[in-house]
Amino acid sequence: MPEDIRSKNFAELAEEIKALNFPSFRAGQIYSWIQEKCVDSFDEMTNISKDLRSKLSERYCFNNCQINTKLVSKIDGTVKYLFSLHDGEYVESVVMKYKYGYSICISTQVGCKMGCTFCASAIGGFVRNLTAGEMLAEIFTAQKDLGIKINHLVLMGTGEPLDNFDNVMRLLELITDEKGQNMSMRHISLSTCGIVPNIYELAEKKLGLTLSVSLHAPNGDIRSKSMPVNIKYDFDELLKACRYYANTTGRRISFEYAMIRGFNDSDECARELAHVLRGMLCHVNLIPVNSVRETEYKKSTLDRQKRFIDILTANSITATVRRTLGSDINASCGQLRASKRKRG
Ligand code: SAH
């Protein structure tokens, strides 16, 4: 099967153009069509000869996203897409508008292996990794459809980005390339459920992005009940890796904590969380858990949320409750794809 040309970096493309015996400046033109102007086909490259275009299309393809479903929130304008991929699989992305511009939350895999019990993306298990080109296609398709430039990226959709490490690293290289979209690494967040060895690997790259860690519990016992990954990489190992990451990169870690009624939202949990995070460069992001139909988890009450924050703050841990966007369109990733799969 031909390779997705969108996943190539400039050096690889230049090598290919050289191998095809075309002048080197053609590589710059083609790269700009793909990464800067975001075309979906070779035909759109109007300043490239038919000969070169046809040689390229023998070897490469564009694995585009088609918009299958588009939902727009009446409350805040958040847009949710269900994209179909070249092999008939589906992924979701969400575009949110903030004061500082547009942000997109993209999927990094079709399905997910991690099996978190509260998460809609775990339903149906893992199908495959997305390539860097397919992840770019999620961004480019949304940009084109909405006629906007997206300047913030969140890797928090379906999938575990650190379980698709090489493709995600390539995506980061391409989206931040000044010859392409030139997105600032400071405007990118990557969320992980805690693949410990890859947190160390990421730390060594010193990328300047924001690392979010889905913690969701103040200790290993509670965490293992909802996050099987905690059995492979235990809680203490994870926190050790997080400390290393914060120290090595000088970047604050954002800990995600989905508040589940009666499960992880007691005063004692808050105190324990404050204790284990003490002294770490970090922030806690509390998310009232989204009740996914298939699970019976309930959101913590507002009183509980407030009390939890108060305890963390009193213990010098900064914490906020995440604002919910797109609540009328089930904007949390995984839910639309899961319902599509059910209908078949
Ligand atoms: N695999 C990565 C990124 C995808 S999930 C990770 O685990 O971080 C994005 C975030 O949404 C994670 O923090 C995840 O734990 C959280 N999440 C999943 N289902 C949720 C739900 N029902 N309610 C609230 N947060 C949820």
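Provided above is the structure to which this section pertains.
Figured I'd write up the structure that's included with this text. (Residues numbered from 1 in each chain as written. Predicted model: local features only at pLDDT ≥ 70, side-chain atom pairs only at ≥ 80, totals over all residues. Heavy atoms only, no water.)

With respect to the sheet that holds strand β5 (residues 90–98)
One key point about sheets: their strands pair by backbone hydrogen bonds, in either a parallel or an antiparallel sense.
Next, step 1: Reading across the sheet, the 10 strands line up as β3-β4-β5-β6-β9-β10-β11-β12-β13-β14 and stay open at both edges, with mixed pairing between neighbours. Two strands close off the open sheet at either side, each with one partner strand: β3 (66–72) and β14 (319–321). With direction set aside, neighbouring strand axes in the sheet form an average angle of 20°.
Next, step 2: Relative to strand β9 (residues 152–155), strand β6 (residues 101–105) is paired through 3 bridges, and the arrangement is parallel. The residue bridging Ile104 from the neighbouring strand is Leu153, located in β9.
Next, step 3: Sitting on the sheet, helix α4 (residues 132–146) is in contact with β3, β4 (79–84), β5, β6 and β9, with an inclination near 125° to β4. (Pairing = 2+ DSSP bridges. Helix = DSSP H or I, 4+ residues; strand = E, 2+ residues; numbered from the N terminus. Axes fitted to C-alpha atoms, helices over the stretch in contact; angles between N-to-C directions. Contact = heavy atoms within 4.5 Å.)

Regarding the packing of α4 against helix α5 (residues 165–175)
Next, step 1: Packing of α4 against α5 leaves a shortest axis separation of 8 Å and a crossing angle of 50°. Of the possible angle classes, the one that applies to α4 and α5 is oblique. Between α4 and α5 the crossing geometry is right-handed. From α4, Ala132, Met135, Leu136, Ile139 and Phe140 reach across to α5, where they touch Asn167, Val168, Arg170, Leu171, Leu174 and Ile175.
Next, step 2: Here the residues of the contact of α4 with α5 are counted per class, giving 9 nonpolar, 1 polar and 1 charged. (Parallel < 35°, antiparallel > 145°, perpendicular 65-115°, else oblique. Left-handed = near helix turned anticlockwise from the far one by under 90°. Nonpolar A, V, L, I, M, F, W, Y, C, P; charged D, E, K, R; others polar.)

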